[in-house]
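The primary structure of each chain is shown beneath.
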Amino acid sequence: MTELILSLDVLDRKRAVEIAEAASPCIDAVKIGYPLVLAAGLGIARDLGGLGLPLIADFKVADIPNTNRLICEQVFAAGFDAVIAHGFTGTDAARACVAAAHDSGGACYVVVEMSHPGATEFFHGGTAERLANLAVDCRADGIIAPATRPDRISVLREIVGSKAIYSPGVGAQGGDPEIVARLVDGIIVGRSIYEAPDPAVAAREFARIRR
Ligand code: O7E
């Protein structure tokens, strides 16, 4: 079954915990990025640890190999289970993230194409395909591909085979969860759940859609 990953981009620690708890029966993981970590601190990983769900650090790590390693080690020491890295910094830099993740018993996912309109400026024209190949070469655990362009997901699936594809961009960004859920291993949903009048109900709706 396609996983449902809650993107918890709220800025208040208490609200973040409440939403995650409410959605928890229907979700498979929680993705936490800069908005929440900068607002609430890295300790939010411990605050959410009681949910028993995998916590994904969406820091889109994009530095030289040594700095990437240092960042990822902090991520896993803080209690996260997975990290997201960019691939455009090169094979050695992405491989440093994968190695740090695997050394900690965690996972690393590589962004190969983003979901917003401007992403086509640089990711199209062969770059996303190269990044998908890089993710395979680096033995990344999966890739991030855009729910806003299902045709592109299919192209990238050809390259990565059975490797996991997690896909943001459904709901608020216009991607259709019914279509995307058939193509990927997990859909990543933020505003459509955490801004809903009742996040638990919204999460249940998305959970029902996946197959
Ligand atoms: O649009 P929303 O509210 O459903 O949130 C989507 C989340 O996915 C948000 O945290 C955003 O930063 C992230 N995201 C994208 O929207 N598009 C991308 O191409 C990549 C990501 C992302 O999370 O990358 C790593 C998974």
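Residues numbered from 1 in each chain as written. Predicted model: local features only at pLDDT ≥ 70, side-chain atom pairs only at ≥ 80, totals over all residues. Heavy atoms only, no water.

A.B. asks: Talk me through the pairing of strand 2 (residues 29-33); I want residue IDs and the actual numbers.
C.D. replies: Each regular strand displays side chains that alternate between the two surfaces of the sheet. In terms of burial, strand 2 is largely enclosed, as five of its five residues are buried. Side chains Ala29, Lys31 and Gly33 project from strand 2 onto one buried face, and the interleaved Val30 and Ile32 project onto a second face that is buried too. Pairing of strand 1 (residues 3-7) with strand 2, which is carried by three bridges, proceeds in the parallel orientation. Among the inter-strand pairings, Ser7 is bridged to a residue of strand 2, identified as Lys31. Once you follow strand 1 into helix 1 (residues 13-23) and on to strand 2, the crossover reads as right-handed. Where strand 2 and strand 3 (residues 55-61) come together, four bridges link them in parallel fashion. Along strand 3, the bridge assignment pairs Lys31 with Ile56. (Buried < 20%, exposed > 50% of the residue type's maximum accessible area, 1.4 Å probe, protein only. Helix = DSSP H or I, 4+ residues; strand = E, 2+ residues; numbered from the N terminus. Pairing = 2+ DSSP bridges. Right-handed = clockwise from strand over helix to strand, strands pointing away.)

A.B. asks: Would you mind going over the site of the ligand in detail, with residue names and values included?
C.D. replies: Around the ligand there are 15 residues in total, and Asp9, Lys31, Ser115, Gln173 and Arg191 lie nearest to it. A distance of 2.6 Å is found between a nitrogen atom of the ligand and a side-chain nitrogen or oxygen belonging to Ser115. The backbone of Gly190 places a nitrogen or oxygen atom 2.8 Å from an oxygen atom of the ligand. Across the complex, the protein chains shield 89% of the 540 Å² of accessible surface that the ligand would expose by itself. (Near = heavy atom within 4 Å. Polar contact = N/O pair within 3.5 Å; in protein donor to acceptor, adjacent residues only side chain to side chain. Areas by Shrake-Rupley, 256 points an atom, 1.4 Å probe, with all protein chains shown as cover.)

A.B. asks: Provide a residue-level description of the pattern of salt bridges, including the pertinent values.
C.D. replies: What the rule picks out here adds up to ten salt bridges. Measuring nitrogen to oxygen at the nearest pair gives 3.1 Å for the salt bridge that ties Glu73 to Arg69. In this pair, Glu73 and Arg69 both sit in helix 4 (residues 65-77), four residues apart, roughly one turn of the helix. Judged by relative accessible area, Glu73 falls into the partly exposed class, the value being 36%. On the basis of relative accessible area, Arg69 is assigned to the partly exposed category, the value being 33%. Notably, a salt bridge pairs Glu129 with Arg152, separated by 3.0 Å at the nearest N-O pair. Residue Glu129 is found in helix 7 (residues 127-137), and its partner Arg152 is found in helix 8 (residues 150-160); the two are separated by 23 residues along the sequence. Three or more residues are tied together by salt bridges with common partners; here these are Glu113, Glu129, Arg149 and Arg152. (Salt bridge = Lys/Arg side-chain N within 4 Å of Asp/Glu carboxyl O.)

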